[in-house]
Amino acid sequence: MPEHAPEPTPAPPTPPVPLGALLAHAGLGLRQIAGPRDPEPVVHWVHTSEMADPYPYLLGGELLLSAGVQLTDPDAYAARIVEAGAAALGFGVAPVYDTVPAELVAACERHGLPLVEVPPRTPFTAVARAVWRLMAEARHRELRRVSQAQRGLATAAARPDPVPAVLGQLASRLGGRAVLLGPDGAELAAAGRAVSTPVLRALTRLAGVVSPAPADTPGPGQAATGASTGTGKGVASATDTADGAQLTAYALDGGRDLVLALATPRREPGDHTVAGVAVVLLSLLTAGGQDGEGTHRDAALVRLLLGADPAATAERLGGDRWTVVHARGTGHGTGHDGGRDGGTTPFATAALGAALGSPLVDPAPDGTVRVLLPYAADGVRARPGWTLGVGEPVAPAHLAASDAQAARALRAALTGHRDVAVHRPGPLTALVPPDEAAAHARRLLAPLDGAPELRETLRAWLSAHGGWDRTAAALGIHRNTVRQRIARCAALLGDGPERDGPDLPADLDDPDVRTELWFALRALP
């Protein structure tokens, strides 16, 4: 017969049964008559024993059932049950005792042991059967919850901005906060309920404990996770509590030393499984490039910094035709708000680059994202949550021109409320945005404000290539009137805001002056 109880073992993955669920079971007729009710005790299993000292046979978390056959010292008996970690004591009335002994009630109250009265009509086997049934139902609910959470996380990982989406889904499923922390403890992305400053500090400290397992150690699912002590080398996860919150930190694989930190109000049996799915997804989504392509990019950067020709370097990364794409987040489905800075996260831009087939991504401070495609993109498709402007495919030496085209195409897409706008070769007027062209035209033609007949005559005269008779015929006026009006236009425009130096008449015989005036007149109604 053993003399000492074994070390307590972790609770099984099966969800425990709240003691209140047993008390609410109408067919059992159980009644709690002593011990704490808040927080509500939970039962992990049922054990029946009539030993005077059941301590050596308890593992912790049990509902111990006894009829008190060898009950001689109620105080010592209750103390030993509490010491063993049992969840509650169920005392059967009859055949030994007609009622629960008052001394046992007082001892359980004194030691904080929930005491449940089991009526004579309820056999202990019925109590055990009810516990197993409630456990099976809870297990089924937990499996369904985990399955739904897995599907939700997988769907989030397929969204345009997958990392914030996965964090949001995880925080929602666990009812807490999910934070992705960098190697220095800085918050890279977060979602869920706000937590207190002490909790945030505790999460940061806990993140410093964990680290990915070395390459020669078992992977996830092959070995138990490490403890929350020591140097953290190879510790896959760690737990703690702070300010009433349950804290957990998981090391992500992928070579970037990132950590997923969770703060939840409670810890359910299936939470670790749900978090494990998120860890795998986030590890894949945030993994650094370890392939040959990444090596080529690094080599190209080194060449550029050492003074190599950009065009020659670009040819080493792709083909002879490249395409520049400008993008702006719309705030729908990307995890950002579409404001001036776009709310764009590094994960959103990386996901956009991956969708377009290129890791060459440059997020600008104004929220615009530039993607350099090392191929001729003839049909860039719309991407959920993004507005795209696409430049012409060009040789590497002309990438600056494609960049400008993509910028104009993006402005056209935003103005026209289109998902994608592709640059098409057009007239010179297409190179200037309409609003900018109109503003310039208003400044240039401001001296003619209040004289519509002058502006009309100037337009007709320019369209007639300076022909006096043709202009007069087009307007139905005398040719001398045309001469007078054009002379007046030259004098007024010479005093205009665009002129520098002495006030001289505009030289309307100069083709550059005529061209600029013609474009200005075309830009205004």
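Source: prediction; values computed, not measured.

Visitor: Could you clarify how one ought to interpret helix 15 (residues 479–494) in this entry?
Guide: Owing to its 3.6 residues per turn, the α-helix brings residues three or four apart onto one side. With 16 residues, helix 15 extends 23 Å between its outermost C-alpha atoms, agreeing within 8% with the 22 Å of an ideal straight helix rising 1.5 Å per residue. Within helix 15, the full set of buried residues consists of Val-482, Ile-486, Cys-489, Ala-490, Leu-492, Leu-493 and Gly-494. In this structure, the buried side of helix 15 is in contact with helix 12 (434–444), helix 13 (452–463), helix 14 (468–475) and helix 16 (511–523).

Visitor: Looking at this structure, how should I read the packing of helix 13 against helix 16?
Guide: Relative to each other, helix 13 and helix 16 sit at 120°, their axes nearing to 10 Å. By the angle class used here, helix 13 and helix 16 are oblique. When you trace helix 13 past helix 16, the crossing you get is left-handed. Between helix 13, through Arg-455, Leu-458, Arg-459, Trp-461, Leu-462 and Ser-463, and helix 16, the contact on the second element is made entirely by Arg-514, Leu-517, Trp-518, Leu-521 and Arg-522.

Visitor: I tried to follow the confidence of the model for the protein on my own but got confused; where do I start?
Guide: In low-pLDDT segments, the atomic positions of the prediction should not be examined closely. With 81% of its residues at a pLDDT of at least 70, the protein reaches an overall mean of 81. Low pLDDT, under 50, characterises residues 1–12; the stretch is placed with 13 contacts to residues that sit more than four places away or in other chains. Within the model, pLDDT remains below 50 along residues 500–504, and this stretch shows 4 contacts once partners closer than five positions in the same chain are excluded.

Visitor: When you look at the sheet that holds strand 17 (residues 420–422) in this model, what are you seeing that I'm missing?
Guide: Hydrogen bonding along the main chain pairs the strands of a sheet, whether they run parallel or antiparallel. What the 5 strands build is an open sheet, ordered 14-15-13-16-17; its pairing is mixed. Across the chains shown, the open sheet's two edge strands, defined by having one partner strand only, are strand 14 (361–363) and strand 17. Averaged over all pairs of adjacent strands, the angle between strand axes in this sheet comes to 15°, irrespective of strand direction. Here strand 14 runs beside strand 15 (residues 368–373); their pairing, made up of 3 bridges, is antiparallel. The residue of strand 15 that forms the bridge with Val-361 is Val-371. Relative to strand 15, helix 10 (residues 346–356) is tilted by about 30°, and along the sheet it contacts strand 13 (323–329), strand 14, strand 15 and strand 16 (386–390).

Visitor: How should the packing of aromatic side chains be read in this particular structure?
Guide: Counted according to the given criterion, the structure contains 2 aromatic pairs. Each ring, one from Phe-91 and one from Tyr-97, has its centre 5.6 Å from the other, and the planes form 55°; the classification is tilted. The class for Tyr-97 is partly exposed, based on a relative accessible area of 24%. Ring centres of Trp-461 and Trp-468 lie 5.6 Å apart, and the angle between their planes is 35°; this geometry places the pair in the tilted category. With relative accessibility at 2%, the residue Trp-461 sits in the buried group.

Visitor: What's the story with the nonpolar core in this structure? I'm lost.
Guide: What tends to happen in soluble globular proteins is that the nonpolar side chains get buried as a cluster. Judged by nonpolar contacts, the single largest core of 28 residues is most densely connected at Leu-167, Leu-170, Leu-260 and Leu-262. In terms of residue count, helix 5 (residues 162–174) provides more of this core than any other element does, 7 residues in total. Within the second largest apolar cluster, 23 residues are counted, among which are Trp-461, Cys-489, Ala-490 and Leu-492.

Visitor: Please clarify how empty space enclosed by the protein should be interpreted in this entry.
Guide: The rolling of a water-molecule-sized probe over the atoms marks out the regions of remaining empty space. Counted by the stated rule, this structure contains 1 cavity of 30 Å³ or more. Computed from the structure, the largest cavity encloses a volume of approximately 30 Å³. Residue lining of the largest cavity: Ser-49, Glu-50, Met-51, Ser-66, Gly-68, Val-69, Gln-70, Leu-71 and Tyr-77, and that is the complete set. Looking at the lining of the largest cavity, its residues break down into 4 nonpolar, 4 polar and 1 charged.

Visitor: Help me understand the environment of Ala-523, please; the structure alone is not making it clear to me.
Guide: Mapped onto the elements of the fold, Ala-523 is located in helix 16. Along the backbone, Ala-523 and Glu-436 are 87 residues apart, and their C-alpha atoms lie at a distance of 9.4 Å. Leaving out residues up to four positions away in the same chain, Ala-523 has contacts with Ala-437, Ala-438 and Ala-441.

Visitor: I'm lost on the environment of Leu-167 in this one. Help?
Guide: On the secondary structure map, Leu-167 appears in helix 5. Taking the C-alpha atoms as reference, Leu-167 lies 8.0 Å from Gly-192; in sequence the two are 25 residues apart. If near-sequence neighbours (up to four positions away) are discounted, Leu-167 is found in contact with Ala-178, Leu-180, Ala-189, Ala-190, Ala-191, Leu-260 and Leu-282.

Visitor: Please explain the pairing of strand 7 (residues 115–118) as it appears in this structure.
Guide: Moving residue by residue along a regular strand, the side chains alternate between the two faces of the sheet. Because side chains alternate across strand 7, one face comprises the buried residues Leu-115 and Glu-117, and the other comprises Val-116 and Val-118, equally buried. Summarising the sheet, strand 2 (residues 31–34) and strand 7 pair through 3 bridges and their orientation is antiparallel. In the sheet register, Gln-32 faces strand 7, and the bridge partner there is Val-116. Across 4 bridges, the pairing between strand 6 (residues 88–92) and strand 7 is parallel. Opposite Gly-92, over in strand 7, you have Val-118 as the bridge partner. After leaving strand 6, the chain enters helix 3 (residues 102–111) and then returns to the sheet as strand 7, a path that is right-handed.

Here is what the cut-offs are and how they apply
Residues numbered from 1 in each chain as written. Predicted model: local features only at pLDDT ≥ 70, side-chain atom pairs only at ≥ 80, totals over all residues. Heavy atoms only, no water. Helix = DSSP H or I, 4+ residues; strand = E, 2+ residues; numbered from the N terminus. Expected span 1.5 Å × (residues − 1). Buried < 20%, exposed > 50% of the residue type's maximum accessible area, 1.4 Å probe, protein only. Contact = heavy atoms within 4.5 Å. Axes fitted to C-alpha atoms, helices over the stretch in contact; angles between N-to-C directions. Parallel < 35°, antiparallel > 145°, perpendicular 65-115°, else oblique. Left-handed = near helix turned anticlockwise from the far one by under 90°. pLDDT = per-residue confidence, 0-100. Pairing = 2+ DSSP bridges. Phe/Tyr/Trp six-rings, centres within 6.5 Å; stacked < 30°, edge-to-face > 60°. Core = buried A, V, L, I, M, F, W, Y, C linked by side-chain atoms within 4.5 Å. 1 Å grid on protein atoms, 1.4 Å probe; cavity = no way out; pocket = protein on both sides within 12 Å on 5 of 7 lines; lining within 4 Å. Points joined across faces, edges and corners; volume = space filled by probe spheres on them. Nonpolar A, V, L, I, M, F, W, Y, C, P; charged D, E, K, R; others polar. Right-handed = clockwise from strand over helix to strand, strands pointing away.

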